[in-house]
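# Remarks on the overall topology
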Amino acid sequence: MLDMKAIRQNPDYFRKLVALRKVKLDVDALLKADEEYRQLLACVEQERALANKYAAERNIEAAKQQKPKLAQLETKIAQKSQELRALSAMIPNDLSEDVPVGQDDTENVEIYKFGDTTPKGFKVLSHDELGTRLGILDIEKGTKISGRGFFYWLNDGLRLRNAVFAFTEDLLEKRGFEIMGTPLLTKEQALYITGYHPFIMDQEYNVKDWDLTMIGTSEQTIVPYHSGETLDADKLPLLYTAQTPCFRSESGAAGKANRGIFRVHQFYKQEQIIFCRPEDSEMMQLFCQRNIEDIMKSLEIPFRVVNVCVGDIAAPGYKKYDTEAWFPSQQTYKETHSNSNLSDFQARRANIKIKDKGTRSFAHTISSTAITERAVIALMENHQTKDGYIRIPKALQPYMGGQDVIIPHTRNKVRIENTFDDLRERIKMQKYTSFKEHMK
């Protein structure tokens, strides 16, 4: 991350960076506020030194005259500090030298492809059509109960979703990740630490009358976990993973591209979060990318990886890879994973430092998707059969009791024998005034 010292030393570079990243920051106003703050700080320190001198000399009259002067300066510097803090909050991260220049996702650079995307030879149903026919997905009832952007997993659909996440969690645990269950609500400070505030504030569900927001990703609760701490370099990297519901109020455009449950307000996501030394962050990002690709290959989902361009990286990001699954119903790749190196951006905001042989520096953080429900619906489309069933990949079969295919769900009438006399007897044995007796 660029701190004020670096910005003062190379303001032209910073102006170009801000323009390229399309951040709404007045660089000249920032530099002016910084200069005025430092001048005020020097004045305050000078006046405090005088106040201390008068106190030591027991010069009561001089100390009395000094007090309002110092108070006035302290009020000014508090106001200037607030102005500088607001401007500084908009400082974006620097960028890795190999980030492609581009305006949006259409200019991301493809760097890898996996899997066969040859047409199947039959009409491929979209995941929502397929899920509805099989009785494993109900979007209509989700919309009826909660509104657009909500849905129900049913029967083998939920079992498939759970299997994908259980497989992912097992793989990550074997590779050294600690498993976490995090809060689903967080304070504003956590959103600032992770860089969602003030850059991304239009996708939140805020809890009325509380300083709490429903999380849009477990990154927002895992990264602040070590805020204000100094980490031992010998114990790094720290690897954490959590699967949580995520809530985002963003409203995707209607139409074929966002049909079904591709873009919704509530979804499950498993995250990879890493705290590491600055010199290791490039390697740790690649480690997360390898995990993503191994998971997708195990699920037998065709995908591609893109090196994300400047215009498609959020302000906190230093370098980013997106993994995009193939959706045969649309004959296109669509994003299912993002993998971001944040360098020291989040650690500076959270004051997370590393102690290494007597020296201290800010940690680096990696925030990467491990799996999402988008990958589950990509699996559904890619593994559908000519008969309209879903073939279950071998890697998931142990998590589904050996089941190898999903066929239409049949709701059988459940017969429950009336064998509950022992439970009724429990009530009869208790001595209390019943409602019937009370109402006589």
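Residues numbered from 1 in each chain as written. Predicted model: local features only at pLDDT ≥ 70, side-chain atom pairs only at ≥ 80, totals over all residues. Heavy atoms only, no water.

### Overview of the overall build of the protein
Along the backbone of the protein there are 14 helices and 18 strands. If you line up the protein on its principal axes, its C-alpha atoms span 95 × 75 × 45 Å. Residue pairs in contact within the protein that sit at least 24 positions apart in sequence constitute 73% of those at least 6 positions apart. Roughly 24,000 Å² of accessible area belongs to the protein as shown, and the carbon and sulfur atoms make up 50% of that amount. (Helix = DSSP H or I, 4+ residues; strand = E, 2+ residues; numbered from the N terminus. Contact = heavy atoms within 4.5 Å. Areas by Shrake-Rupley, 256 points an atom, 1.4 Å probe, with all protein chains shown as cover.)

### Considerations on the sheet that holds strand β5 (residues 185-186)
Strand order across the open sheet formed by three strands is β5-β7-β6, with antiparallel pairing between neighbours. Of all the strands in the sheet, the pair left with one neighbour each is β5 and β6 (205-206). Relative to strand β7 (residues 213-214), β6 runs antiparallel, the two being bridged by two bridges. If you follow Tyr 205 over to β7, its bridge partner there is Met 214. (Pairing = 2+ DSSP bridges.)

### Structural notes on the sheet that holds strand β4 (residues 178-180)
Spatial strand order, β1-β11-β12-β13-β16-β10-β9-β4: eight strands in an open sheet with mixed pairing. Both edges of this open sheet fall to β1 (109-114) and β4, since each of them pairs with a single strand only. Each neighbouring strand pair of the sheet contributes to a mean axis angle of 25°, computed without reference to strand direction. Pairing between β4 and strand β9 (residues 238-247): three bridges, direction parallel. When the bridges of β9 are listed, Ile 179 appears paired with Thr 241. Against the sheet, helix α7 (residues 156-174) engages β4, β9, β10 (266-276) and β16 (364-372), with an angle of about 5° to β10. The sheet contacts of helix α12 (residues 373-382) involve β10, β12 (319-327), β13 (332-341) and β16, and relative to β12 the element is tilted by about 30°. (Axes fitted to C-alpha atoms, helices over the stretch in contact; angles between N-to-C directions.)

### Quick notes on the packing of helix α2 (residues 11-20) against helix α3 (residues 27-56)
One can describe the packing of α2 onto α3 by two numbers: an axis separation of 10 Å at closest approach and a directional angle of 140°. Taken as axis vectors, α2 and α3 run oblique relative to one another. For the pair formed by α2 and α3, the contact residues are Pro 11, Phe 14, Arg 15 and Val 18 on the first element and Val 27, Asp 28, Leu 30 and Leu 31 on the second. Considered class by class, the residues forming the contact of α2 with α3 number six nonpolar, no polar and two charged. (Parallel < 35°, antiparallel > 145°, perpendicular 65-115°, else oblique. Nonpolar A, V, L, I, M, F, W, Y, C, P; charged D, E, K, R; others polar.)

### Comments concerning the pattern of salt bridges
On inspection of all chains with the given rule, the structure shows 23 salt bridges. For Arg 38, the salt bridge is made with Glu 35, and the minimal N-O distance between the two is 2.7 Å. One end of the pair, Arg 38, and the other, Glu 35, are both in helix α3, three residues apart, so they sit about a helical turn from each other. Ionic pairing is found between Lys 320 and Asp 322, a salt bridge with its closest N-O pair at 3.8 Å. No difference in accessibility class separates Lys 320 from Asp 322, as the two residues are buried. Salt bridges sharing partners connect three or more residues here, namely Arg 8, Asp 34, Glu 35 and Arg 38. (Salt bridge = Lys/Arg side-chain N within 4 Å of Asp/Glu carboxyl O. Buried < 20%, exposed > 50% of the residue type's maximum accessible area, 1.4 Å probe, protein only.)

### Some words on the nonpolar core
One finds Leu 299 and Leu 396 to be the most contacted residues of the largest nonpolar core, which totals 49 residues. The element best represented in this core is α7, accounting for seven residues. Once residues within four sequence positions are removed from consideration, Leu 299 is found in contact with Val 164, Phe 167, Ile 371, Leu 379, His 383, Pro 393 and Leu 396. With 23 residues, the next largest nonpolar core counts Met 4, Leu 25, Leu 95 and Val 310 among its residues. (Core = buried A, V, L, I, M, F, W, Y, C linked by side-chain atoms within 4.5 Å.)

### Points about the side chain of Arg 349
Within the fold, Arg 349 resides in helix α11 (residues 345-350). Although Arg 349 is buried, it forms no salt bridge, and the closest oppositely charged side chain is Glu 188 at an N-O distance of 7.7 Å. Reaching out from Arg 349, the side chain makes a polar contact with the backbone oxygen of Ala 89 at a distance of 2.7 Å. Here the side chain of Arg 349 touches Tyr 192 through a polar contact of 2.6 Å, landing on its backbone oxygen. (Lys, Arg positive; Asp, Glu negative; His and termini not counted. Polar contact = N/O pair within 3.5 Å; in protein donor to acceptor, adjacent residues only side chain to side chain.)

### Focus on the environment of Leu 137
Structurally, Leu 137 is set in strand β2 (residues 137-138). A residue is classified by how much of its surface remains accessible, and Leu 137, at 3% relative accessible area, is buried. In the structure, Leu 137 is positioned 272 residues away from His 409 in sequence and 11 Å away in space, judged by C-alpha atoms. Beyond its immediate stretch of four places on either side in the chain, Leu 137 contacts His 127, Asp 128, Gly 131, Thr 132, Phe 151, Tyr 152, Trp 153, Leu 154 and Ile 261.

### Considering α12
Along an α-helix, residues three or four positions apart point the same way, because every turn accommodates 3.6 residues. The element α12 is largely enclosed, with a buried count of 10 among its 10 residues. Among the residues of α12, Glu 373, Arg 374, Ala 375, Val 376, Ile 377, Ala 378, Leu 379, Met 380, Glu 381 and Asn 382 are the ones counted as buried.

### A closer look at the pairing of β9
Among the 10 residues that make up β9, nine are buried, leaving the element largely enclosed by the rest of the structure. Bridging between β9 and β10 involves 10 bridges; their strand directions are antiparallel. For Phe 247, the partnering residue across the bridge sits in β10 and is Gln 266.

### Notes on the packing of α7 against helix α10 (residues 281-298)
Packing of α7 against α10 brings their axes to within 11 Å, and their N-to-C directions diverge by 140°. Classified by the angle between their axes, α7 and α10 sit oblique to one another. Judged by the sense of rotation from one axis to the other, the crossing of α7 with α10 is right-handed. In this structure, α7 contributes Phe 167, Thr 168, Leu 171 and Leu 172 to the contact, and α10 contributes Asn 291, Ile 295 and Ser 298. A class-by-class count of the residues in the contact of α7 with α10 yields four nonpolar, three polar and no charged. (Left-handed = near helix turned anticlockwise from the far one by under 90°.)

Take it as geometry only, folks, not as evidence of what the structure does.
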